[in-house]
Each structure stands twice: as C-alpha cells, then as structure tokens.
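Structural overview for review
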Amino acid sequence: MILFSPNCSDLGVPNIEIKKFPDGENYLRVPSLKDAEGNQVTLFHRAYPSQDSSLIQLFLLLKTLKRATDKITAVIPYLPYARQDKMVLEGESKSSESICNIISESGCKELVTFDAHFLKMKGTYRYGNLKIRNLSLSDELISYLYSECTNPVIISPDKGASYMVVERGGLSMEKKRKGYEQSELAERKVSIMKTDAKMEDRDVIIIDDMIAGGGTMARAVDICKKKGARKIYCGATHGLFLGDSANKILSAGAEEIVVSNTILSPYSKINFMDKLRGLI
Ligand code: R5P
C-alpha cells in the first residue's frame, strides 16, 4: 500500500487528509487505515518547508499507521535537522539523532531518504534507533550537468560531500566555517575554502548535498573562477534556496544550478522518484 501526503501531490494522488485546526494544530486522517492492516505500507511525506509542523504530521501519521501495521517505510526525501549532528557547546541538542529516534519510536521501520547530511555516505545505516536507507542523487546530478559541458573537472565544496564525487573521479575542496556562536546560527559564514584542483580553461561541475543560504556554493564558484575555470555548473540534491541564494550563486559566475525535487523549486530538474523505481 502506498500513501501520499498532500505535500507530495506532484508524486502521486494524495490519500491522506491533513488539515489545520483554527489554532494552527494539525488534523490528520488516513481514511484507508483498515486496508493497511498487517500490510507493508510506504508513506511519502515531505518534511520541508515548515519542517516543525511537517515533522509533527509525520510523527502523528506514523503513530496512526502503527495501529494497523508494523511494516512501515517512510520516504522523507529531505530530512530536516540533519545539520545539527554534533554537540559543540555544553548542553546542546543533538537534533539529528533525536529526530531520528522519534521517527523510529513513532513506528517507522525503515526511513528512505536522499543524501542525508549527517551520514556522508550512501547505503543502509542505523542512526540512533532508526534504520535509514540513504540514497544519493549525485550520479543523476553529474550526468545531467555532464551533458552540458566538455570534459569537466568535478568537485565538491567540502569533504562531507566528497562521497558524491569520488566515484566519478572528483575532488573535494577544503572548507572551514567561522567560529561557532549562537549569534552566527542564522548564517554561518564560510571562512576558508581552497582546492589544489587544476581547472584552468576547463569546465567545472560543483556537487553538494544542499544549497541553503548559498554561501558555500557561491564561494566555490568564485574560487573556480579565480583559478581560471571556463563554465561552472552547480548541482545539489536539496535546494532550500534561502533568501537570495540562487542569485548569489549565479552572480558569482555559475552558468546553471540544478537540484532535485526532494524540495520543489524552479531549479528542480532531477526526479528522485526515478531512483526509487524497483527499490520500494
Ligand atoms: C555543509 O557541510 C553542507 O554540505 C552544505 O555545503 C551547506 O549546508 C550549504 O549551506 P549554505 O548554502 O548555507 O552554504
């Protein structure tokens, strides 16, 4: 049985009801819950944008489905809270793990997602109490952009995303962010970024797991330009595109930006559903 949340109407006909109470709380109903009894259920639900509300919807949906079956796979294309995966200051929340634990406790047997930030590898893993199948869209992004350029250099802007490029012979830049302070949470600026990759008179493809504020990608484009790159193409699995991030990247000199439809945007050219064919 396959269930689509209303926020996945571009992927399948929604068969779950989600409404808002006047005070903003979520109302959820799975009208076909009886049919789920004892069966394998695959739930498609986006947890971005409005990640807090979307996650509450997910927890409630899982709890509801759990009344009928314990075979629940949740496809959450972009997993939010994935970037808070370290405790740096005393007393901080390790949000990535806590969110995964709540998903598991709510009844999810397996979570399928794409390029989860904290895993930095594709494959099947246990993170906290949750079994996660982390698929990567790097091949699809690279192939799409490859067809637009000539003999490109492929790079990732930091080591965390190097798994997305190594199989295609790509290299990683080195990236460091400025000091980690509360006041910088809104926009954590990239301070150092460098690469030894030779790119003079070559096209370049830059691949990352996500574009949020766009600072990382814009900086990477700028460095490639300064190193004499010809045309620079940017690809990322998740396009959050906060503020004027897309313009920032294009003004830095990028020829094109491509992301997938894990989050819908005008730059979504890669369909993650193609990757799931035959897998679930
Ligand atoms: C960081 O390690 C990630 O892989 C991305 O590079 C980063 O989250 C992108 O964020 P922003 O677009 O805000 O620089």
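Up top you'll find the structure we're talking about.
Focus: helix H1 (residues 51–66)
Spacing of three or four residues puts side chains on the same side of an α-helix, whose turn is 3.6 residues. Its 16 residues give H1 an end-to-end C-alpha distance of 22 Å, which sits within 8% of 22 Å, the value for a rise of 1.5 Å per residue. Residues of H1 that are buried: Ser54, Leu55, Gln57, Leu58, Phe59, Leu61, Leu62, Thr64 and Leu65. If you follow the buried residues of H1, they end up packed against strand E1 (2–4), strand E2 (17–20), strand E3 (26–29), strand E4 (41–44), strand E5 (72–75) and helix H2 (95–105).

A word on the pairing of strand E8 (residues 130–135)
The side chains of a regular strand alternate between both faces of the sheet. The buried fraction of E8 is high, at five of six residues. Pairing of strand E6 (residues 110–114) with E8 involves four bridges; the strand directions are parallel. Following the sheet pairing, valine 112 is matched in E8 by arginine 133. The sheet contact formed by strand E7 (residues 123–127) and E8 spans five bridges and is antiparallel. From the neighbouring strand, tyrosine 125 faces E8, where its bridge partner is isoleucine 132. Two successive antiparallel strands, E7 and E8, enclose a turn made up of two residues, where glycine 128 displays a positive phi of approximately 60°.

Focus: empty space enclosed by the protein
Applying the stated criterion across every chain yields a total of two cavities of 30 Å³ or more. Space inside the largest cavity adds up to approximately 50 Å³. Taken together, Lys122, Ser138, Asp139, Ile142, Tyr163, Met164, Val165, Glu167 and Arg168 make up the full set of residues lining the largest cavity. Residues of the lining of the largest cavity, tallied by class, amount to four nonpolar, one polar and four charged. In this structure, the second largest cavity encloses a volume near 30 Å³. Contributing to the lining of the second largest cavity are Tyr78, Leu79, Ala82, Phe114, Asp115, Ala116, His117, Met210 and His238. Residues that form the lining of the second largest cavity fall into these classes: six nonpolar, two polar and one charged.

Cut-offs used in this document
Residues numbered from 1 in each chain as written. Predicted model: local features only at pLDDT ≥ 70, side-chain atom pairs only at ≥ 80, totals over all residues. Heavy atoms only, no water. Helix = DSSP H or I, 4+ residues; strand = E, 2+ residues; numbered from the N terminus. Expected span 1.5 Å × (residues − 1). Buried < 20%, exposed > 50% of the residue type's maximum accessible area, 1.4 Å probe, protein only. Contact = heavy atoms within 4.5 Å. Pairing = 2+ DSSP bridges. 1 Å grid on protein atoms, 1.4 Å probe; cavity = no way out; pocket = protein on both sides within 12 Å on 5 of 7 lines; lining within 4 Å. Points joined across faces, edges and corners; volume = space filled by probe spheres on them. Nonpolar A, V, L, I, M, F, W, Y, C, P; charged D, E, K, R; others polar.

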